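Results of the structural survey
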Amino acid sequence: MDGIEDCSYTKDSKEIKDSQYKVELEVANQIRRITSQAIHSELIFFVGIAIVSFGVLRILACFSHKRREEKVWQTISLYWLKSNSL
């Protein structure tokens, strides 16, 4: 609530009465709101990065698995050819 407010304080053992203008600042509310929005945005960003990273790792795992399968089949084929040629 804005307005003039009477106040008193003690200085050098004397009580001094004075008036001061009281102002409510909305800065704290704005900071809270901005901080809340920033945290929300950061969480969305990191969750998005996690999802994309998971997808990339799964794709790389598939390529790696296929490559291993090809090597296994090549090795089996070589052994089979060698055993049949004897």
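Residues numbered from 1 in each chain as written. Predicted model: local features only at pLDDT ≥ 70, side-chain atom pairs only at ≥ 80, totals over all residues. Heavy atoms only, no water.

Right, let's talk about the pairing of strand S2 (residues 14-22) for a bit. For a regular strand, the rule is simple: side chains alternate between the two faces of the sheet. With nine bridges joining them, strand S1 (residues 3-11) and S2 adopt antiparallel strand pairing. In the strand pairing of S2, Lys11 is matched with Lys14. Where S1 folds back onto S2 in an antiparallel hairpin, the turn is made up of two residues, including Asp12, whose phi is positive at roughly 55°. (Pairing = 2+ DSSP bridges. Helix = DSSP H or I, 4+ residues; strand = E, 2+ residues; numbered from the N terminus.)

Once that is clear, we can look at unusual backbone geometry. Keep in mind that most residues, glycine aside, have a negative phi and that most peptide bonds are trans. We note that Asp12 has phi near 55°; this positive angle belongs to a residue other than glycine. Structurally, the position occupied by Asp12 is in the loop between S1 and S2. The backbone of Ser13 sits at a positive phi, close to 60°, despite the residue not being glycine. Tracing the backbone shows Ser13 in the loop between S1 and S2.

What follows deals with a nonpolar patch on the surface. On the surface, Ile4, Tyr21, Val23, Leu25, Val27 and Ile31 cluster together into a nonpolar patch covering about 660 Å² of accessible area. By secondary structure assignment, the location of Ile4 is in strand S1. (Patch = residues over 30% accessible without salt bridge, like charges linked within 9 Å, V, L, I, M, F, W, Y side chains within 5 Å. Areas by Shrake-Rupley, 256 points an atom, 1.4 Å probe, with all protein chains shown as cover. Salt bridge = Lys/Arg side-chain N within 4 Å of Asp/Glu carboxyl O.)

Let's shift gears to the environment of Ile39. For Ile39, the location among the structural elements is in helix H1 (residues 27-85). A relative accessible area of 44% places Ile39 in the partly exposed class. It is 53 Å that separates the C-alpha atoms of Ile39 and Thr75, two residues lying 36 residues apart in sequence. (Buried < 20%, exposed > 50% of the residue type's maximum accessible area, 1.4 Å probe, protein only.)

Bringing the packing of aromatic side chains into the picture now. Tallied over the full model, the rule gives one aromatic pair. With centroids separated by 5.4 Å and ring planes inclined at 70°, the aromatic side chains of Phe45 and Phe46 adopt a geometry described as edge-to-face. (Phe/Tyr/Trp six-rings, centres within 6.5 Å; stacked < 30°, edge-to-face > 60°.)

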